[in-house]
Every structure is written in C-alpha cells, then in structure tokens.
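Now for the letters of each chain:
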Amino acid sequence: MHFCRQYLVLQSRYAGVFLRYFLKYFSNLGSLQSHGFARNRFWTIDNKPSPDTFKVTNGVFVDLLLKPTEEDLKIWPHRFEFRMRVTLTPGGDLVLTSCIRNTDDVGKPFTFTFAHHTYFSVSNISEVEVKGMAKLDYLDNLQNRTRFTETKDTITIDSEFDRIYLSTPKKVAVLDHGNKRTIFIRKDGLPDAVVWNPWEKKAKTIVDLREDEYKYMIAVEAAAIEKPVTLNPGEEWKGRLELSTRH
C-alpha cells in the first residue's frame, strides 16, 4: 500500500507519512510555512516515555520526541513537547499515537492545527472510491475554501481535487478496485479529513512528484483543522491514527 514521493523515506505497507503540525491556521492561512515546521525537524528517540502518555501497546513500537529549538521559538514562540508512538501491530496495521503538551512556564496558551499527510498507493486513481463523506460539509481549497455539502455517496476523482471534509466519522475507507483492496483509516481526536490529488497540471509543478505519479496515489489525511486545538500551560492533546488493509 506504500506510495512514496521521492523525499519520503518511510517504507512500509502504507503510504509515505509526513507530519504537518503547529500552524496557527491550516495550509497558507497562518503565519508559518505551509504544512508547519514539525515535519522537517529532527526528532529524537524517547527511551524513557512516561507510562501515563500511552497505553500498553500490542506490537513493536518506537517512541519519538520533538521539542522546540531556539530557532523554532523565533518563528513560533511557544514551548511544547510532542511525543509520538509509531506502532506496527502483529497483524501489520500501522498506528500513530500523538501527544502534544504545552510546557510553557510563562502562562501562555497556544493554538495549532494538525494533520497526518498520508499518501496511499493505488492501482489507478480511476479505480478508487472514498467512502464515509456522504452528506458532510467540506471546504474546497480550489474555490477559496468555500463551504459545500457532499452530495455523492462515494468520492471519485477525475481532475484536481483538494477538499477538507468536516466532522468526519472515525472510520473512512478507500476502495481500490484495481487491487481488490480496501484501506481503512481509523482515527480519534482528528475530526476532519483532507482528500487530495494534484492531477496532471499541478503534478508537473511538484518537483518531487514524477509527472505521471498522480495516477497511482491518493492522499486521505486525518486532521484537526476546522476547530484549532488550544492548550493552556500544562494541558495536553492526544490523537490517534490507525491504518489497515483488507483484501
């Protein structure tokens, strides 16, 4: 199920996953770079995670930790700890559990939006349907984030597509008829979902996406966008994403 743009290094049954966090608003609406800055920072392995942060995990896992550097504080002046447990279950499912804590000692709250940028490898985009968005409101990024309501039972893509679906169910399915496979996206604490494919014209402008690769991928991203998360000092937020496939 893996699809990997050239700059992504995560190799698994799943898409390349990069993380876009810590935006005052989503995408280019905030003061930070598009997609935030956590995605291109060096994380450390957390060898002594607090037992209260994550539940007992069934599978092999690694705990990662991100804290702001002095350079980060210049562009986003808030202290935080971002812990993530990446788990591969015995059945081959991939689970990403995130915990963000405001560690600022001067009493300042901060606000952020969050998304896992997950690319899924598919047989051909013409063979793909996304289920779970029927009758939901969405923001169309191709029309200045105008709000619409989805009228179709399933989403199919035959041109550039970039929407933020709001208040989505905890389980979303991507049906790949060409591969006779269904990708399940289960999520907690992440109410929204982005569905994206750049299509031919925009694909030509993305330097790390080969010209025809848009045909063989779809991005379906678990996110918290419409209602940004606000944390006061000492407060924490948790989100969970589980990816699985069934034939």
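Residues numbered from 1 in each chain as written. Predicted model: local features only at pLDDT ≥ 70, side-chain atom pairs only at ≥ 80, totals over all residues. Heavy atoms only, no water.

Visitor: Honestly, the overall build of the protein in this entry has me stumped. Any pointers?
Guide: Helix and strand counts for the protein come out as 2 helices and 16 strands. Counting only contacts in the protein whose residues sit at least 6 apart along the sequence, the fraction spanning at least 24 positions is 66%. Total accessible area on the protein stands at roughly 12,300 Å², and carbon and sulfur atoms take up 50% of it. (Helix = DSSP H or I, 4+ residues; strand = E, 2+ residues; numbered from the N terminus. Contact = heavy atoms within 4.5 Å. Areas by Shrake-Rupley, 256 points an atom, 1.4 Å probe, with all protein chains shown as cover.)

Visitor: What is the right way to read the pattern of salt bridges from this model?
Guide: A side chain with one charge may pair with a side chain of the opposite charge, provided their charged atoms come close. Counted under the stated rule, the structure contains 17 salt bridges. Put simply, Lys202 and Glu160 hold a salt bridge, and the shortest N to O gap is 2.8 Å. With Lys202 in helix H2 (residues 199–203) and Glu160 in the loop between strand S10 (154–155) and strand S11 (161–165), this pair connects stretches of sequence that are 42 residues apart. With a relative accessible area of 32%, Lys202 lands in the partly exposed category. For Glu160, a relative accessible area of 27% gives the class partly exposed. Notably, a salt bridge pairs Lys170 with Asp188, separated by 3.3 Å at the nearest N-O pair. In this pair, Lys170 sits in the loop between S11 and strand S12 (171–176) while Asp188 sits in strand S13 (residues 181–188), placing the two residues 18 residues apart along the sequence. Using a relative accessible area of 58% as the deciding quantity, one classes Lys170 as exposed. Using a relative accessible area of 34% as the deciding quantity, one classes Asp188 as partly exposed. (Salt bridge = Lys/Arg side-chain N within 4 Å of Asp/Glu carboxyl O. Buried < 20%, exposed > 50% of the residue type's maximum accessible area, 1.4 Å probe, protein only.)

Visitor: Please explain the packing of aromatic side chains as it appears in this structure.
Guide: Describing an aromatic ring pair means giving the distance of the ring centres and the angle of the ring planes. On inspection of all chains with the given rule, the structure shows 11 aromatic pairs. Ring-pair connections join several aromatic residues into one group, and the members of that group are Trp43, Trp76, Phe80, Phe82, Phe110, Phe112, Phe114 and Trp237. Looking at Arg85, its charged tip hangs above the ring of Phe61, at a distance of 4.0 Å from the centre. (Phe/Tyr/Trp six-rings, centres within 6.5 Å; stacked < 30°, edge-to-face > 60°. Lys NZ or Arg CZ within 6 Å of the ring centre and 35° of its normal.)

Visitor: Help me understand the side chain of Ser98, please; the structure alone is not making it clear to me.
Guide: If you trace the backbone, Ser98 turns up in strand S5 (residues 94–102). Note on Ser98: relative accessible area 0%, which makes it buried. Not counting residues up to four positions away in its chain, the partners in contact with Ser98 are Phe54, Phe82, Arg83, Met84, Phe114, His116, Trp237, Lys238 and Gly239.

Visitor: Mind showing me how you'd approach the nonpolar core here?
Guide: In globular proteins that are soluble, nonpolar side chains generally tend to be buried together. Counting residues in hydrophobic clusters, the biggest one holds 41 residues, and the most contacted among them are Met133, Ile218 and Val220. Top element by residues in this core is strand S15 (residues 217–231). It accounts for 6 residues. The contact partners of Ile218, leaving out residues within four places of it in the chain, are Thr118, Tyr119, Phe120, Val122, Ile125, Val128, Val130, Ile157, Val174, Val195 and Trp196. Ala115, Trp196, Tyr214 and Ile225 belong to the second-largest nonpolar core, a separate cluster that totals 15 residues. (Core = buried A, V, L, I, M, F, W, Y, C linked by side-chain atoms within 4.5 Å.)

Visitor: I would appreciate a short explanation of the pairing of strand S9 (residues 146–149) in the present structure.
Guide: Regular strands show a simple pattern: their side chains alternate between the two faces of the sheet. Across 4 bridges, strand S8 (residues 137–140) lies against S9 in antiparallel orientation. Residue pairing for S9: Asp140 is matched across the bridge by Thr146. The loop that links S8 with its antiparallel partner S9 comprises 5 residues; one of these, Asn144, has a positive phi angle of about 55 degrees. (Pairing = 2+ DSSP bridges.)

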